[in-house]
4 protein chains.
Amino acid sequence: MTNTESVRIGVWFVGARGSVATTAMMGAAAARDGNATTVGCVTEGPDFQGAELPSLGNLVFGGHDICETPLPKRAEQLAHAGVAPARLPELVRADLAAADAEVLPGTPVFDADRSQREITTLLARDLRSFRERHELSRVVVVNVSSTEPRPSPRPEHERLEELERALDDSEPGREILPPSSLYAYTALRAGCPYVDFTPSLGARVPALDELARQQRVPYAGSDGKTGETLVKSALLPMFAARRLHVLSWSGTNLLGGGDGHTLSTPENVTSKTSSKQRALGESLGHPVDGDVHIDYVAELGEHKTAWDHVLFEGFLGARMSLQFTWQGCDSALAAPLVLDLARLLARAHETGHAGALPDLAFFFKDPVGVDEHRLEAQYEMLRRFAESLGEAR
Amino acid sequence: MTNTESVRIGVWFVGARGSVATTAMMGAAAARDGNATTVGCVTEGPDFQGAELPSLGNLVFGGHDICETPLPKRAEQLAHAGVAPARLPELVRADLAAADAEVLPGTPVFDADRSQREITTLLARDLRSFRERHELSRVVVVNVSSTEPRPSPRPEHERLEELERALDDSEPGREILPPSSLYAYTALRAGCPYVDFTPSLGARVPALDELARQQRVPYAGSDGKTGETLVKSALLPMFAARRLHVLSWSGTNLLGGGDGHTLSTPENVTSKTSSKQRALGESLGHPVDGDVHIDYVAELGEHKTAWDHVLFEGFLGARMSLQFTWQGCDSALAAPLVLDLARLLARAHETGHAGALPDLAFFFKDPVGVDEHRLEAQYEMLRRFAESLGEAR
Amino acid sequence: MTNTESVRIGVWFVGARGSVATTAMMGAAAARDGNATTVGCVTEGPDFQGAELPSLGNLVFGGHDICETPLPKRAEQLAHAGVAPARLPELVRADLAAADAEVLPGTPVFDADRSQREITTLLARDLRSFRERHELSRVVVVNVSSTEPRPSPRPEHERLEELERALDDSEPGREILPPSSLYAYTALRAGCPYVDFTPSLGARVPALDELARQQRVPYAGSDGKTGETLVKSALLPMFAARRLHVLSWSGTNLLGGGDGHTLSTPENVTSKTSSKQRALGESLGHPVDGDVHIDYVAELGEHKTAWDHVLFEGFLGARMSLQFTWQGCDSALAAPLVLDLARLLARAHETGHAGALPDLAFFFKDPVGVDEHRLEAQYEMLRRFAESLGEAR
Amino acid sequence: MTNTESVRIGVWFVGARGSVATTAMMGAAAARDGNATTVGCVTEGPDFQGAELPSLGNLVFGGHDICETPLPKRAEQLAHAGVAPARLPELVRADLAAADAEVLPGTPVFDADRSQREITTLLARDLRSFRERHELSRVVVVNVSSTEPRPSPRPEHERLEELERALDDSEPGREILPPSSLYAYTALRAGCPYVDFTPSLGARVPALDELARQQRVPYAGSDGKTGETLVKSALLPMFAARRLHVLSWSGTNLLGGGDGHTLSTPENVTSKTSSKQRALGESLGHPVDGDVHIDYVAELGEHKTAWDHVLFEGFLGARMSLQFTWQGCDSALAAPLVLDLARLLARAHETGHAGALPDLAFFFKDPVGVDEHRLEAQYEMLRRFAESLGEAR
Ligand SMILES: NC(=O)c1ccc[n+]([C@@H]2O[C@H](COP(=O)([O-])OP(=O)(O)OC[C@H]3O[C@@H](n4cnc5c(N)ncnc54)[C@H](O)[C@@H]3O)[C@@H](O)[C@H]2O)c1
Ligand SMILES: NC(=O)c1ccc[n+]([C@@H]2O[C@H](COP(=O)([O-])OP(=O)(O)OC[C@H]3O[C@@H](n4cnc5c(N)ncnc54)[C@H](O)[C@@H]3O)[C@@H](O)[C@H]2O)c1
Ligand SMILES: NC(=O)c1ccc[n+]([C@@H]2O[C@H](COP(=O)([O-])OP(=O)(O)OC[C@H]3O[C@@H](n4cnc5c(N)ncnc54)[C@H](O)[C@@H]3O)[C@@H](O)[C@H]2O)c1
Ligand SMILES: NC(=O)c1ccc[n+]([C@@H]2O[C@H](COP(=O)([O-])OP(=O)(O)OC[C@H]3O[C@@H](n4cnc5c(N)ncnc54)[C@H](O)[C@@H]3O)[C@@H](O)[C@H]2O)c1
Ligand code: NA
Ligand code: NA
């Protein structure tokens, strides 16, 4: 462990000035200095003590974004919105200023002036420079940028060779990959472990899976599980184990914040709600009635409210129901998971894992490479994975 | 399995004319004849197919009660209250009439005329006669009678030898054991597996545990888990695995029905709520604020409503909450579990199990002999137990 | 009052075989014979005792529908679904059979064979025949048929003269008026008071308002208020009177039943949700954030569940919230109101009222001719209206 | 109105360092300077513009308390707990410091050293000195101190003459009146209008009513209506007007804060819950099943959560339910009402009102001198009262 403790790990956020990234950086600095506890950090629990994960204090932050609000100011906004104690931004100001100096312009959704080959070359240069200047043993790239519309499938996504050729031939203003996948491509090509915390396409492209395995780099995703789906994945096994027949499962999500706004466009809603409903169908093994809504309610700010209604049938046809209301602070739920993932991916890389990491399903709404949606079973997978990380080498 | 299929198993209900017992008998007959599905029966799931449990159709019912309403009439009341389809009582009338002929007067809470030694002798005679007349390979006794007040501990409860002596010396009107424990004593002494589905003391007495092991008879309990506690045991692991800090957990239970009335007396409330809160403390490993209320609302009839409010803290101190409302039909939830338990206990007895069965924790609010309160982990214990039952002999 | 008691009043349902109509007829017969109370009937309260309304026992039922299920069978389905006690359909069988004989084929949404002038002539003949055969002093037509899509406005809807001309010139298969408005036209032209219990266009057409006044016939509507909007109209004045600033009001309605299915088509949702949101804006005097969803959940049957979330701000900017869940049996809520409306319209007609009756806003989501959406204020209007009915002539 | 504007009015809080008083003073200063809006202040609405109430800026604050935390510090604690914006305490620091200088030691619940006659003499001296030093035209005393246990009735409470005699004869350490009533006595005797914002006994003693009328001083109470009861009083008229039969109404209140702690002692719970249930019985005119719980949950701080469950019956016996969850910031709800009441009482005194003011029922859970519990009807009474205040003199 002495070994792991001394090395410094880079965490590169795509969307580095967003709520989740800022909260994660603020919290890492605060926890390191004893100004905050690590409540909500899964990997701080006893099951992870032997996994030789890098410590929070050894993480170095940077990232890409397309917005210019400096991190110290973003932190103040978050404290004002109740995400962090009023005095915390002041206490971590120096850390945030240092990280802010490492935030560089990302690629916009549409760039009329550069081909996607040029863009990835520029993004890769940023990553390399970050790693070298800070003498980092490795850099984990975590996508926490705005959810993007789901693009139509394209033939060149299927095989790496064709993807590379398409990028070589790409022209300014023509999209081969959506931004999230371009960031994923850049990371994997540069040998950086990659995490899709958003529901965007990201690394979920056959050609990128091929790239990850070729480069011997692990990746994980998609879509951090912090609210309605988290509770669902805890409750679903109850209905299944008791053989209670779920007739319908309906949900309404009221979201404020920057992400709520992004998700309010119809295309994005589809991308998000379909990942939410997937867990349900797969877990119960039969189609279940019900809609899931995502409503943007600006005034909720960082505080999300989800209401779910489950209608089920028991012995002799009795009709019963379960309702729940989850009132969560999204960034406070997401930020510690993002730190967990960065630490786990760094160690997974170090111990030779490559390609998709299905054992991290516990963190995601739409876990890559696995059909297990029961929370406890997912935790058990994660626990064993951590155990194996500790035993490696 | 052919072997198991042919033998007939007795199920002897203490409280045989109550809602739970009547629903169980009505449902067993209906399911056997294809007039109802087995939704809600845990042991009908694939994980139990190899356990060689007796089939529903091979169960023969009887029991003790102190009320006189005939079972066919009780069934009509339950259908009227929405527990079963309006036409079901008619379809199972013959079965209920047959069972009704096997329901004999139990012992009242207070009997001024007989010593407890005399009472247990009479109760045992009923059990033996039932077994012999129906040529049953074994009889499982299931306590689904009204919740009784929790008695003060007595020294003679500690060791079997002293308990026997106290019963020998007992005089009319003097209580050595509360009724539930007297029924448990009778069952175990007669070599019958025993289930405490109620929160009453029952078999949870050191002397009775000794008796069970001496007689090579298994027993299980306590307090069927069908509502608030069920949901709690599904949600608690979520907070634990995510390291979210539960600050308070408050609950209000609105109950109608016969049992709601019994529970409305303050002594009983204590007996019930303390078993409910035990799960919480043990699972989270730290004291949690909050009260649990049980209110009797006569007009709710068989439909229980529970509201729970959980206040928790996440990263950087963010305050969040989860509320749920569970609207369940109690007897519809309990009856299939009672059938599950009867079948599991019969097979456990057959395969040589004796004493407390901690592996059945999944069914109980206050599981005997085990500290595991996470629902999924309990299910996994149960699944393995069923597997071992299939492998036995 | 002796006078009023002796006369018989016709109630003609458009959608006579639907849930609401069937429940209303079943209930009127049951209440008349003492087989049911009048719980839920507003006009049975003390404030209406002097209004000289026709008694429930003096109502004679008939109507139009396009479905063929006989009323006694429909009643059994409703009892099975929990809308009425299991034995009630049997007790009112004769009454329902009599009413069933008075249910005639209505006009379908699209009729390729007849012009709308022909259709209205045929419908009017049915109405007249009903009135004459039963020697009814008057017939109130109540639209409780399926919600229809909202048609685009047409110039000939503006003035009666032009509407008549357009109907004269109409050809088979060409729609001048949507079915609901054609029924309203027929009723008013035939001198029958008319009630729009549905959100369909119905009488809300300038030309039809002109017709009502010309014919000296009263009409009322639109869209019976039985669920979410009812609770809203009770809660809104609280926020207003306390000067608490409502920031958002979000709602999700889960509906089963025939009407839920109809409403699930996108066009209809718009027609229904816009009438729901109208109350909100008008009452608070400022735009309020939030969406209203209507989801079809077939398994809910006749039992609707609505969840509303209100975010509001108080003194010094404090954020607070109110949530409610309404679990109602739609037809049980609607049927007594339909009887109330029939009785009120009959008496209003008798006492010379003509045109829109804004004083009946209490019954409607989208009350015609009035901006008052506060429930208590609406009740006060209604109470005074009833008083005036008693004083008339 | 020029007249009213120029005069300064004293507001004397019993419990001046508590959450409600501090929030009221902070808010009055902030609103006066344009640093806060008057959201939540009823008397700032258009219906009160003609009532000639003193303006917020003309209120001068002081009071009694038994705790020593200075107001500026108390304000910071409240801002920290989310009751006010983080920066507000700084902006109103000077005002709070000035008010703090006017907060004097009150009388503890038990004083072994002084007779109650001596105590009231000392308290009265504080009131007079405040009035004189600030040249106030009048001083309104508002009781916002901790809820006290309800004392047993005593014969000397019945008539003023006997009360005076008992006070004259009183000895140190013997309680004739509970503290709240002693404060009320002092106020009324000193010619100060008095408001019972707490559920304590206060002025609700026949002898004190006599005193108020004798002294020509108005008083109002009891128990500010800010949560569950407020919503109840908005919803009850809905059930009544629709003639829906309420079968049970159950409530659970989770309270933190100082007051939650005080209320957690069993005696106080009784005093508070009985005032809550009174509204229910009186409004519906028939006994209603159900319990009301008040639970202390320290970690909720200033944020109260109330859950209510209403079971009701509709037409043909259909069972339905309404649940609501109210999540309110208690002091933010109470503080503006306290300012409203001070202004209304000042003007009522000025215009010659004396004795109990039933027209202020809108503000109270347990309104003195009136049985009207419907919120809208109460608002109408209040509106007319305000109108009459404007017309006076
Ligand atoms: N907070 C949660 O609980 C949660 C859970 C699951 C998933 N997520 C996902 O995490 C993401 C971030 O959430 P958030 O609340 O921080 O959102 P946010 O809007 O606060 O932050 C997103 C950031 O991404 C930046 N961005 C947008 N487009 C970009 C681009 N092309 N390149 C680089 N940066 C870009 C934005 O400028 C912004 O700073 C969202 O996609 C969200 O769906 C969040
Ligand atoms: N229904 C559930 O979901 C559930 C869950 C956990 C535990 N339980 C427990 O199961 C038990 C039965 O519940 P229920 O709803 O059927 O209650 P119930 O009141 O309908 O039935 C209880 C029966 O026990 C009988 N009885 C009372 N005293 C007796 C005695 N001394 N000897 C024999 N019979 C006696 C009564 O006459 C009655 O017929 C209760 O203790 C309840 O707490 C039920
Ligand atoms: N139940 C409530 O609480 C409530 C409240 C407000 C409004 N409404 C409205 O009342 C109406 C009836 O509701 P319901 O639950 O009884 O629905 P339903 O589906 O049970 O009944 C509708 C009936 O209308 C008939 N119909 C359809 N098109 C017709 C036509 N062109 N001519 C004649 N009949 C026709 C159908 O055959 C059916 O029998 C709906 O429009 C609904 O939106 C109901
Ligand atoms: N906040 C609400 O929504 C609300 C609604 C209705 C009623 N109330 C009542 O208002 C009162 C105040 O509530 P709070 O939240 O401000 O409570 P709090 O505990 O914050 O303040 C009470 C204050 O009273 C003081 N006090 C106690 N005994 C005293 C005495 N004998 N003499 C003088 N001062 C004394 C305490 O020191 C404290 O400063 C409570 O009785 C509460 O029940 C509050
Ligand atoms: Na909240
Ligand atoms: Na329900």
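Residues numbered from 1 in each chain as written. Chains lettered and ligands numbered in written order. Predicted model: local features only at pLDDT ≥ 70, side-chain atom pairs only at ≥ 80, totals over all residues. Heavy atoms only, no water.

Caption draft 1: Examining the interface of chain B and chain A more closely. The interface is formed by 58 residues belonging to chain B together with 58 residues belonging to chain A. Both sides of the chain B and chain A interface together cover about 4,700 Å² of buried area, and 65% of this is carbon and sulfur. Contact with chain A buries surface across chain B, with R242, F315 and L316 of chain B losing the most and accounting together for 21% of the total. At the boundary of chain B with chain A, the tally comes to two salt bridges. Across the pair R374 of chain B and E376 of chain A runs a salt bridge, and its minimum N-O distance is 3.5 Å. Linking chain B to chain A there are 15 residue pairs in polar contact (both at pLDDT 80 or more). Residue assignment for the side of chain B that touches chain A shows that the elements contributing at least two residues are α2 (19–32), α10 (228–241), β9 (303–313), β10 (319–329), α13 (330–350) and α14 (375–391) of chain B. Residue composition of the side of chain B that touches chain A, grouped by class: 37 nonpolar, 14 polar and seven charged. For strand β10 (residues 319–329) of chain A and β10 of chain B, the ladder comprises seven bridges, and the chain directions are antiparallel. Bridge assignment links T325 of chain A to a residue of β10 of chain B, and that residue is Q323 of chain B. (Contact = heavy atoms within 4.5 Å. Buried area = accessible area lost by both parts, 1.4 Å probe. Salt bridge = Lys/Arg side-chain N within 4 Å of Asp/Glu carboxyl O. Polar contact = N/O pair within 3.5 Å; in protein donor to acceptor, adjacent residues only side chain to side chain. Helix = DSSP H or I, 4+ residues; strand = E, 2+ residues; numbered from the N terminus. Nonpolar A, V, L, I, M, F, W, Y, C, P; charged D, E, K, R; others polar. Pairing = 2+ DSSP bridges.)

Caption draft 2: Region of interest: the site of ligand 2. Residues and elements named next belong to chain B. In the vicinity of ligand 2, 27 residues are found, and the nearest of them are D65, T107, S145, Y183 and T226. The separation between an oxygen atom of ligand 2 and a polar main-chain atom of S145 is 2.7 Å. Of all the secondary-structure elements, those providing two or more residues to the shell around ligand 2 are α2, α11 (257–263) and α13. When grouped by side-chain class, the residues that make up the shell around ligand 2 number eight nonpolar, eleven polar and eight charged. A domain split of the shell around ligand 2 shows at least three residues from each of domain 1 (9–224 + 332–391) and domain 2 (228–330). (Near = heavy atom within 4 Å. Domains from an automatic or database assignment.)

Caption draft 3: Representation of the sheet that holds strand β4 (residues 138–143) of chain A in the model. Residues and elements named next belong to chain A. Strand order in this open sheet of seven strands is β3-β2-β1-β4-β5-β6-β11, and the pairing throughout is parallel. Strands at the two margins of the open sheet, each flanked by one partner only, are β3 (103–105) and β11 (355–356). By the bridge criterion, six bridges tie strand β1 (residues 9–14) to β4 in an arrangement that is parallel. Directly across from V14, in β4, lies its bridge partner N143.

Caption draft 4: How the structure looks around the environment of L344 of chain D. Residues and elements named next belong to chain D. You can see L344 is positioned in helix α13 (residues 330–350). A relative accessible area of 0% places L344 in the buried class. Discounting residues that sit within four places of it in the chain, L344 has contacts with T43, L53, L360, F363, L382 and L389. (Buried < 20%, exposed > 50% of the residue type's maximum accessible area, 1.4 Å probe, protein only.)

Caption draft 5: The domain arrangement of chain A, seen in detail. As assigned here, chain A comprises domain 1 (9–224 + 332–391) and domain 2 (228–330). Look at where the C-alpha atoms of domain 1 of chain A and domain 2 of chain A centre, and you get two points 26 Å apart.

Caption draft 6: Representation of the site of ligand 3 in the model. All names here are of chain C. Taken together, 27 residues lie around ligand 3, and D65, T107, S145, Y183 and T226 are the ones closest in. One of the backbone nitrogen or oxygen atoms of S19 is found 2.9 Å away from an oxygen atom of ligand 3. D330 is positioned such that a nitrogen or oxygen atom in its backbone is 3.3 Å from an oxygen atom of ligand 3. When isolated, ligand 3 has an accessible area of 840 Å², and the protein chains bury 93% of it. When residues of the shell around ligand 3 are traced back to their parent elements, those giving at least two are α2 (19–32), α11 (257–263) and α13 (330–350). Broken down by class, the residue content of the shell around ligand 3 amounts to eight nonpolar, eleven polar and eight charged. Here the shell around ligand 3 spans two domains, since at least three of its residues come from each of domain 1 (9–224 + 332–391) and domain 2 (228–330). (Areas by Shrake-Rupley, 256 points an atom, 1.4 Å probe, with all protein chains shown as cover.)

Caption draft 7: Up close: helix α7 (residues 160–169) of chain D. Residues and elements named next belong to chain D. Buried within α7 we find L160, L163, E164, A166 and L167. Axial view of α7: buried residues confined to an arc of 165°, hence all on one face. Exposed residues on α7 whose side chains face more than 90 degrees from its buried face are D168 and D169. Looking at the buried side of α7, the elements it contacts are α6 (116–133), α8 (179–189) and α9 (206–215). (Arc of directions from axis to C-beta.)

Caption draft 8: Region of interest: the packing of aromatic side chains. In the structure shown here, the tally under the stated rule is 38 aromatic pairs over all chains. Among the aromatic residues, those joined into a ring-pair cluster are F48, F362, F363, F364 and Y379 of chain A. The lysine or arginine in question, R242 of chain A, covers the ring of F362 of chain B, its NZ or CZ lying 4.8 Å from the ring centre. (Phe/Tyr/Trp six-rings, centres within 6.5 Å; stacked < 30°, edge-to-face > 60°. Lys NZ or Arg CZ within 6 Å of the ring centre and 35° of its normal.)

Caption draft 9: Spatial organisation of the relation of the copies chain B and chain A. Expressed as a screw operation, the relation of chain B to chain A combines 0.0 Å of axial shift with a rotation of 180°, fitting to an RMSD of 0.0 Å. The operation mapping one copy onto its partner corresponds to a two-fold rotation axis. When C-alpha distances to the rotation axis are compared across chain B, the minimum falls at F324 of chain B, with a value of 2.0 Å. (Least-squares fit on C-alpha atoms with pLDDT ≥ 70 in both.)

Caption draft 10: The side chain of E376 of chain B, seen in detail. Relative to the helices and strands, E376 of chain B is located in helix α14. Each residue touching E376 of chain B, except ones within four places of it in the same chain, is listed here: P237, R374 and E376 of chain A.

Caption draft 11: Just unusual backbone geometry, in detail. Look at the link from G221 of chain C to S222 of chain C: it is a cis peptide, with omega at 0°. Looking at the element boundaries, S222 of chain C is found in the loop between β6 (218–221) and α10 (228–241). Non-glycine residue E52 of chain B carries a positive phi angle of around 55°. Position of E52 of chain B among the secondary structure elements: in the loop between α2 and β2 (59–65). We note that R243 of chain B has phi near 55°; this positive angle belongs to a residue other than glycine. Within the secondary structure, R243 of chain B is located in the loop between α10 and β7 (245–255).

Caption draft 12: Region of interest: the pairing of strand β2 (residues 59–65) of chain A. Residue and element names in this part refer to chain A. Along β2, seven of the seven residues are buried, which leaves the element largely enclosed by surrounding structure. Side chains of β2 alternate between two faces, with L59, F61, G63 and D65 and V60, G62 and H64 buried alike. Looking at chain direction, β1 and β2 are connected through six bridges and run parallel. Directly across from W12, in β2, lies its bridge partner G62. Between the parallel elements β1 and β2, the chain passes through helix α2 (residues 19–32) in a crossover that is right-handed. Relative to β3, β2 runs parallel, the two sharing three bridges. Within the sheet, the bridge partner assigned to G63 lies in β3 and is V103. (Right-handed = clockwise from strand over helix to strand, strands pointing away.)

Caption draft 13: Region of the structure containing the interface of chain C and chain A. Taken together, the 23 residues of chain C in the interface contact 23 residues of chain A. Summed over both partners, the interface of chain C with chain A buries about 1,900 Å², with 53% contributed by carbon and sulfur atoms. Here chain C is connected to chain A by two salt bridges. Here E299 of chain A and R319 of chain C are joined by a salt bridge, their closest N and O atoms 3.0 Å apart. The interface formed by chain C and chain A includes ten residue pairs in polar contact (both at pLDDT 80 or more). Counted by class, the side of chain C that touches chain A contains eight nonpolar, ten polar and five charged residues.

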